[in-house]
Amino acid sequence: ALGSIFANRGDVELSDVADVDISQVGQYVVLSLSPLQQDNKKSRNRLFNKIELRINKKTCELQRLTIHEKGSDYTQYDFAGFKYDVPVADNLFKP
């Protein structure tokens, strides 16, 4: 479950471990997930403060994933050039 990313444990309710905010910015829906502060020690060891997913409203495609780290650092992944129903060889997924 998505909540396990925040809590580092099995299935949990996302709202029990994160503040969830949904907003619209132009043609995108932005889903922001921020871990709830449980205690100072866990908060200090946390690798990120917020994760944002930017989803195209028309196509429902994930356009951007941004991971906000401590301070002002962040890691951003932009997705584009989606292809659907492309044949892929089975051996591509074998170790």
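Worth saying up front: this structure is predicted, and the values here are computed from it rather than measured.

Trainee: Just to check I follow, could you spell out the overall build of the protein for this structure?
Mentor: Counting secondary structure elements, the protein contains 3 helices and 5 strands. Ordering the α and β elements of the protein from the N terminus gives α-α-β-β-α-β-β-β. Considering only intrachain contacts with a sequence separation of at least 6, the fraction spanning at least 24 residues in the protein is 18%. Surface exposure of the protein reaches about 7,300 Å², of which carbon and sulfur atoms provide 51%.

Trainee: Could you clarify how one ought to interpret the pattern of salt bridges in this entry?
Mentor: Opposite charge on two side chains allows them to pair when their charged atoms are near. By the definition in use, this model includes 2 salt bridges. Lys50 is the partner of Glu52 in a salt bridge, and the nearest nitrogen-oxygen pair spans 3.2 Å. What makes Lys50 partly exposed here is its relative accessible area of 26%. Arg64 is paired through a salt bridge with Asp78; the nearest N and O atoms lie 2.6 Å apart. Taken as a pair, Arg64 in strand β4 (residues 62-69) and Asp78 in strand β5 (residues 74-78) lie far apart in primary sequence, 14 residues in all. By relative accessible area, which is 47% here, Asp78 ends up partly exposed.

About the criteria used
Residues numbered from 1 in each chain as written. Predicted model: local features only at pLDDT ≥ 70, side-chain atom pairs only at ≥ 80, totals over all residues. Heavy atoms only, no water. Helix = DSSP H or I, 4+ residues; strand = E, 2+ residues; numbered from the N terminus. Contact = heavy atoms within 4.5 Å. Areas by Shrake-Rupley, 256 points an atom, 1.4 Å probe, with all protein chains shown as cover. Salt bridge = Lys/Arg side-chain N within 4 Å of Asp/Glu carboxyl O. Buried < 20%, exposed > 50% of the residue type's maximum accessible area, 1.4 Å probe, protein only.

The values reported here are purely geometric and, on their own, carry no functional implication.
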